[in-house]
Amino acid sequence: MFVVLTNDDGIFAPGLRVLYRELLRAGHRVRVVAPLEERSASGHALTVHHPLRIRQVEEEGFSGIAVSGTPVDCVKLGLSRLVDQKPDLLVSGMNAGSNVGPDILYSGTLSAASEGAFMGCSALAVSHNSRKASMSELEDYARFAVEMIPRIPWAGLRPYRVISLNLPDCPLSECRGVRCCPQSGAKWNDSYDERRDPWGHPYWWMEGVVPPDQVLPGTDKYELEQGWAILTPVQFELTDEPALALLREHLGLGS
(Lines give C-alpha, C1' and ligand atoms only; values in the text may rest on other atoms or scores of the structure.)
Protein backbone atom coordinates (compact mmCIF):
# COMPACT_ATOMS: atom_id res chain seq x y z
CA MET A 1 0.00 0.00 0.00
CA PHE A 2 0.97 3.60 -0.51
CA VAL A 3 0.52 5.37 2.84
CA VAL A 4 0.65 9.06 3.67
CA LEU A 5 1.61 9.53 7.32
CA THR A 6 0.91 12.65 9.37
CA ASN A 7 0.26 13.63 12.99
CA ASP A 8 -0.33 16.60 15.30
CA ASP A 9 2.68 16.13 17.59
CA GLY A 10 5.12 17.24 14.89
CA ILE A 11 7.50 15.57 12.47
CA PHE A 12 10.09 14.88 15.19
CA ALA A 13 7.64 13.08 17.53
CA PRO A 14 8.61 9.54 18.56
CA GLY A 15 5.11 8.22 17.84
CA LEU A 16 5.31 9.24 14.19
CA ARG A 17 8.82 7.87 13.80
CA VAL A 18 7.95 4.41 15.13
CA LEU A 19 4.87 4.18 12.89
CA TYR A 20 7.02 5.20 9.93
CA ARG A 21 9.50 2.42 10.62
CA GLU A 22 6.85 -0.23 11.16
CA LEU A 23 4.93 0.76 8.01
CA LEU A 24 8.15 0.41 6.00
CA ARG A 25 8.98 -2.89 7.69
CA ALA A 26 5.56 -4.21 6.69
CA GLY A 27 6.34 -3.44 3.04
CA HIS A 28 4.30 -0.25 2.59
CA ARG A 29 5.52 2.77 0.65
CA VAL A 30 5.34 5.75 2.99
CA ARG A 31 5.35 9.51 2.48
CA VAL A 32 5.41 11.74 5.55
CA VAL A 33 3.80 15.19 5.54
CA ALA A 34 3.60 16.46 9.12
CA PRO A 35 3.68 19.72 11.09
CA LEU A 36 7.09 21.23 11.73
CA GLU A 37 6.10 21.85 15.36
CA GLU A 38 3.64 20.34 17.82
CA ARG A 39 0.07 21.32 16.98
CA SER A 40 -1.90 19.26 19.51
CA ALA A 41 -5.54 20.18 20.15
CA SER A 42 -5.65 22.26 16.98
CA GLY A 43 -8.78 20.49 15.78
CA HIS A 44 -9.71 21.19 12.16
CA ALA A 45 -7.94 24.54 12.06
CA LEU A 46 -6.60 25.86 8.74
CA THR A 47 -3.94 28.45 8.04
CA VAL A 48 -5.57 31.21 5.97
CA HIS A 49 -3.78 34.44 6.97
CA HIS A 50 -0.18 33.29 6.50
CA PRO A 51 1.66 31.37 3.78
CA LEU A 52 2.54 27.73 4.29
CA ARG A 53 6.21 26.81 4.00
CA ILE A 54 7.76 23.37 3.78
CA ARG A 55 11.06 21.88 4.83
CA GLN A 56 12.50 18.57 3.74
CA VAL A 57 13.64 16.51 6.73
CA GLU A 58 16.25 13.90 5.85
CA GLU A 59 17.83 11.78 8.57
CA GLU A 60 19.31 8.33 8.69
CA GLY A 61 16.38 5.98 8.22
CA PHE A 62 13.82 8.75 7.82
CA SER A 63 12.52 11.07 5.12
CA GLY A 64 9.61 13.48 5.35
CA ILE A 65 8.20 16.90 4.59
CA ALA A 66 7.58 19.33 7.45
CA VAL A 67 4.87 21.96 6.98
CA SER A 68 4.62 25.24 8.89
CA GLY A 69 0.93 24.73 9.57
CA THR A 70 -1.72 22.61 11.20
CA PRO A 71 -2.35 18.88 10.77
CA VAL A 72 -5.21 19.63 8.39
CA ASP A 73 -2.95 21.97 6.41
CA CYS A 74 -0.51 19.07 6.06
CA VAL A 75 -3.16 16.77 4.64
CA LYS A 76 -4.73 19.33 2.30
CA LEU A 77 -1.41 20.61 0.96
CA GLY A 78 0.14 17.17 0.98
CA LEU A 79 -2.56 15.41 -1.00
CA SER A 80 -3.09 18.39 -3.33
CA ARG A 81 0.50 19.30 -4.18
CA LEU A 82 3.23 17.40 -2.34
CA VAL A 83 2.31 13.77 -2.96
CA ASP A 84 2.50 12.36 -6.46
CA GLN A 85 -0.51 10.05 -6.22
CA LYS A 86 -3.59 9.42 -4.12
CA PRO A 87 -2.65 7.21 -1.16
CA ASP A 88 -4.32 3.91 -0.42
CA LEU A 89 -4.40 4.95 3.23
CA LEU A 90 -3.95 8.13 5.26
CA VAL A 91 -2.55 7.40 8.74
CA SER A 92 -2.46 10.03 11.48
CA GLY A 93 -0.44 9.37 14.62
CA MET A 94 0.75 7.80 16.76
CA ASN A 95 -0.55 10.47 19.10
CA ALA A 96 0.88 10.90 22.59
CA GLY A 97 -2.35 10.65 24.58
CA SER A 98 -5.72 9.08 23.88
CA ASN A 99 -8.44 10.53 21.68
CA VAL A 100 -11.73 9.26 23.07
CA GLY A 101 -15.17 10.70 23.74
CA PRO A 102 -15.51 14.43 22.99
CA ASP A 103 -11.72 14.72 22.66
CA ILE A 104 -12.12 14.03 18.95
CA LEU A 105 -13.64 17.49 18.52
CA TYR A 106 -10.34 19.05 19.61
CA SER A 107 -7.95 16.45 18.30
CA GLY A 108 -5.56 17.39 15.51
CA THR A 109 -4.89 13.68 15.07
CA LEU A 110 -8.54 12.89 14.29
CA SER A 111 -8.97 16.06 12.24
CA ALA A 112 -6.02 15.19 10.01
CA ALA A 113 -7.48 11.73 9.46
CA SER A 114 -10.94 13.17 8.77
CA GLU A 115 -9.50 15.57 6.18
CA GLY A 116 -7.93 12.60 4.46
CA ALA A 117 -11.33 10.88 4.50
CA PHE A 118 -12.99 14.01 3.09
CA MET A 119 -10.46 13.89 0.26
CA GLY A 120 -11.45 10.34 -0.58
CA CYS A 121 -8.86 8.29 1.31
CA SER A 122 -9.26 5.44 3.72
CA ALA A 123 -8.17 6.98 7.02
CA LEU A 124 -6.79 5.64 10.29
CA ALA A 125 -6.07 7.67 13.43
CA VAL A 126 -3.76 6.05 16.00
CA SER A 127 -3.47 7.27 19.60
CA HIS A 128 -1.67 5.86 22.64
CA ASN A 129 -3.05 6.48 26.13
CA SER A 130 0.25 7.72 27.54
CA ARG A 131 2.53 10.70 27.21
CA LYS A 132 5.44 8.98 28.92
CA ALA A 133 5.65 5.61 27.14
CA SER A 134 9.07 4.07 26.62
CA MET A 135 10.41 3.74 23.09
CA SER A 136 10.12 -0.04 23.23
CA GLU A 137 6.46 0.22 24.22
CA LEU A 138 5.80 2.66 21.38
CA GLU A 139 7.52 0.32 18.94
CA ASP A 140 5.42 -2.63 20.10
CA TYR A 141 2.18 -0.71 19.69
CA ALA A 142 3.24 0.74 16.34
CA ARG A 143 3.72 -2.83 15.13
CA PHE A 144 0.32 -3.74 16.59
CA ALA A 145 -1.32 -0.82 14.78
CA VAL A 146 0.28 -1.65 11.45
CA GLU A 147 -0.80 -5.27 11.80
CA MET A 148 -4.38 -4.05 12.31
CA ILE A 149 -4.47 -2.29 8.93
CA PRO A 150 -5.17 -5.36 6.74
CA ARG A 151 -7.74 -6.63 9.27
CA ILE A 152 -10.02 -3.60 8.84
CA PRO A 153 -12.70 -3.97 6.11
CA TRP A 154 -11.88 -0.68 4.41
CA ALA A 155 -13.91 -1.43 1.28
CA GLY A 156 -17.05 -1.96 3.36
CA LEU A 157 -16.93 1.42 5.12
CA ARG A 158 -19.15 4.24 3.93
CA PRO A 159 -17.36 7.29 2.48
CA TYR A 160 -15.85 9.94 4.77
CA ARG A 161 -15.34 7.60 7.73
CA VAL A 162 -12.32 7.41 10.00
CA ILE A 163 -11.24 4.40 12.03
CA SER A 164 -9.87 5.61 15.37
CA LEU A 165 -7.53 3.18 17.13
CA ASN A 166 -6.72 3.93 20.78
CA LEU A 167 -4.02 1.88 22.49
CA PRO A 168 -3.86 1.26 26.25
CA ASP A 169 -1.28 2.52 28.72
CA CYS A 170 0.31 -0.84 29.51
CA PRO A 171 2.92 -3.08 27.92
CA LEU A 172 1.63 -4.83 24.81
CA SER A 173 1.97 -8.17 26.63
CA GLU A 174 -0.69 -6.94 29.11
CA CYS A 175 -3.09 -5.60 26.48
CA ARG A 176 -6.34 -7.57 26.79
CA GLY A 177 -7.10 -7.53 23.07
CA VAL A 178 -9.23 -5.41 20.75
CA ARG A 179 -12.75 -4.13 21.29
CA CYS A 180 -15.02 -2.09 19.02
CA CYS A 181 -16.69 0.62 21.10
CA PRO A 182 -18.74 3.79 20.67
CA GLN A 183 -17.52 7.12 21.96
CA SER A 184 -17.97 8.00 25.58
CA GLY A 185 -20.27 10.92 26.30
CA ALA A 186 -18.27 11.88 29.39
CA LYS A 187 -17.32 15.55 29.32
CA TRP A 188 -14.38 17.44 30.75
CA ASN A 189 -14.97 19.64 33.77
CA ASP A 190 -12.57 22.41 32.82
CA SER A 191 -10.95 24.88 35.17
CA TYR A 192 -8.35 27.60 34.75
CA ASP A 193 -5.57 28.09 37.26
CA GLU A 194 -4.66 31.77 37.55
CA ARG A 195 -0.95 32.43 37.95
CA ARG A 196 1.40 35.42 37.83
CA ASP A 197 4.37 36.02 35.58
CA PRO A 198 7.61 37.57 36.94
CA TRP A 199 6.17 41.05 36.33
CA GLY A 200 3.01 40.31 38.28
CA HIS A 201 0.72 40.03 35.28
CA PRO A 202 -1.94 37.31 35.39
CA TYR A 203 -2.09 34.36 33.05
CA TRP A 204 -4.21 31.21 33.06
CA TRP A 205 -3.39 27.53 32.61
CA MET A 206 -6.19 25.19 31.60
CA GLU A 207 -6.78 22.15 33.77
CA GLY A 208 -9.61 19.67 33.89
CA VAL A 209 -10.93 16.28 34.89
CA VAL A 210 -13.45 13.83 33.47
CA PRO A 211 -15.78 12.73 36.30
CA PRO A 212 -15.40 8.93 36.60
CA ASP A 213 -19.14 8.45 37.15
CA GLN A 214 -19.79 9.80 33.64
CA VAL A 215 -17.60 7.17 31.98
CA LEU A 216 -19.91 4.28 31.14
CA PRO A 217 -18.85 0.65 30.62
CA GLY A 218 -18.78 -0.34 26.99
CA THR A 219 -17.59 3.07 25.79
CA ASP A 220 -14.16 3.86 24.36
CA LYS A 221 -12.72 5.69 27.38
CA TYR A 222 -13.90 3.10 29.90
CA GLU A 223 -12.67 0.05 28.00
CA LEU A 224 -9.37 1.73 27.11
CA GLU A 225 -8.71 2.27 30.82
CA GLN A 226 -9.42 -1.42 31.39
CA GLY A 227 -6.50 -2.34 29.14
CA TRP A 228 -8.23 -2.93 25.80
CA ALA A 229 -7.19 -1.56 22.42
CA ILE A 230 -10.23 0.28 21.08
CA LEU A 231 -11.51 0.64 17.53
CA THR A 232 -14.14 3.32 16.96
CA PRO A 233 -15.54 4.22 13.54
CA VAL A 234 -16.08 7.97 13.42
CA GLN A 235 -18.21 10.04 11.08
CA PHE A 236 -18.34 13.80 10.75
CA GLU A 237 -21.90 14.25 9.56
CA LEU A 238 -23.15 16.40 12.40
CA THR A 239 -26.82 16.89 11.53
CA ASP A 240 -29.11 15.81 14.37
CA GLU A 241 -31.79 14.01 12.34
CA PRO A 242 -34.39 13.68 15.17
CA ALA A 243 -34.00 17.40 15.97
CA LEU A 244 -34.34 18.21 12.26
CA ALA A 245 -37.62 16.30 12.12
CA LEU A 246 -38.83 18.02 15.32
CA LEU A 247 -38.06 21.48 13.90
CA ARG A 248 -39.91 20.72 10.68
CA GLU A 249 -42.93 19.43 12.56
CA HIS A 250 -42.96 22.26 15.12
CA LEU A 251 -42.56 24.98 12.52
CA GLY A 252 -44.90 23.36 10.02
CA LEU A 253 -42.18 23.15 7.38
CA GLY A 254 -41.83 20.41 4.85
CA SER A 255 -38.63 18.66 3.91
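Residues numbered from 1 in each chain as written. Predicted model: local features only at pLDDT ≥ 70, side-chain atom pairs only at ≥ 80, totals over all residues. Heavy atoms only, no water.

The next subject is the environment of alanine 186. Along the chain, alanine 186 turns up in the loop between strand E8 (178-180) and strand E9 (189-196). Take alanine 186: its relative accessible area is 4%, and that puts it in the buried class. The residues contacting alanine 186, other than those within four sequence positions of it, are Pro102, Val210, Gln214 and Val215. (Helix = DSSP H or I, 4+ residues; strand = E, 2+ residues; numbered from the N terminus. Buried < 20%, exposed > 50% of the residue type's maximum accessible area, 1.4 Å probe, protein only. Contact = heavy atoms within 4.5 Å.)

This next bit is on the environment of asparagine 189. Inspection of the secondary structure puts asparagine 189 in strand E9. As a C-alpha pair, asparagine 189 and valine 48 span 141 residues in sequence and 32 Å in three-dimensional space. Among all residues touching asparagine 189, those that are not within four sequence positions of it are Glu207, Gly208, Val209 and Pro211.

Below, the discussion takes up the nonpolar core. In terms of nonpolar packing, the biggest core is built from 36 residues, with Leu5, Leu19, Val32, Met94, Leu124, Val126 and Leu165 touching the most fellow members. With 7 residues, helix H4 (residues 135-148) is the single largest residue contributor to this core. If sequence neighbours within four positions are ignored, leucine 124 has contacts with Leu89, Leu90, Val91, Ser92, Ala113, Ile149, Ile152, Trp154, Ile163 and Leu165. Counting 13 residues, the second-largest nonpolar core is a separate cluster that includes Cys74, Leu79, Ala112 and Cys121. (Core = buried A, V, L, I, M, F, W, Y, C linked by side-chain atoms within 4.5 Å.)

This next bit is on the packing of helix H2 (residues 71-82) against helix H3 (residues 108-118). One way to put it is that H2 packs onto H3 with a least axis distance of 8 Å and a crossing angle of 25°. Between H2 and H3, the angle falls in the class roughly parallel. Here H2 and H3 pass one another in a crossing that is right-handed. On the side of H2, the interface is formed by Pro71, Val72, Val75, Lys76 and Leu79, while H3 contributes Gly108, Ser111, Ala112, Glu115 and Gly116. A breakdown of the residues in the contact of H2 with H3 according to their chemical character gives 5 nonpolar, 3 polar and 2 charged. (Axes fitted to C-alpha atoms, helices over the stretch in contact; angles between N-to-C directions. Parallel < 35°, antiparallel > 145°, perpendicular 65-115°, else oblique. Left-handed = near helix turned anticlockwise from the far one by under 90°. Nonpolar A, V, L, I, M, F, W, Y, C, P; charged D, E, K, R; others polar.)

Overall, mixed pairing links the 9 strands, which are arranged E3-E4-E2-E1-E5-E6-E7-E11-E8 in an open sheet. The sheet is open, and its two borders are formed by strand E3 (54-59) and E8, each paired with just one other strand. The mean inter-strand angle of the sheet, taken between neighbouring strand axes irrespective of direction, is 25°. When strand E2 (residues 29-35) meets strand E4 (residues 62-67), the two strands line up parallel, connected through 3 bridges. Looking at E4, one finds that proline 35 is bridged to valine 67. Running at roughly 140° to strand E5 (residues 89-96), helix H1 (residues 14-25) makes contact with strand E1 (2-6), E2, E3, E4, E5 and strand E6 (122-128) of the sheet. (Pairing = 2+ DSSP bridges.)

Take unusual backbone geometry next. Cis rather than trans, the peptide bond between glycine 93 and methionine 94 has omega equal to -5°. Even without being a glycine, alanine 41 presents a positive backbone phi close to 60°. Tracing the backbone through its elements, the reader meets alanine 41 in the loop between E2 and E3. A positive phi angle is found at tyrosine 160, which is not glycine, with a value near 65°.

Turning to the pattern of salt bridges, a few remarks are in order. For the structure shown, the criterion picks out 12 salt bridges. For glutamate 115, the salt bridge is made with lysine 76, and the minimal N-O distance between the two is 3.3 Å. With glutamate 115 in helix H3 and lysine 76 in helix H2, this residue pair connects regions lying 39 residues apart in the sequence. Here glutamate 115 falls in the buried class, since its relative accessible area comes to 6%. On the accessibility criterion, lysine 76 (33% relative accessible area) is partly exposed. Linking arginine 161 and glutamate 237 is a salt bridge whose minimum nitrogen-to-oxygen distance equals 2.9 Å. Highlighted residues: arginine 161 in strand E7 (residues 161-167) and glutamate 237 in the loop between strand E11 (229-235) and helix H6 (241-251), separated in sequence by 76 residues. (Salt bridge = Lys/Arg side-chain N within 4 Å of Asp/Glu carboxyl O.)

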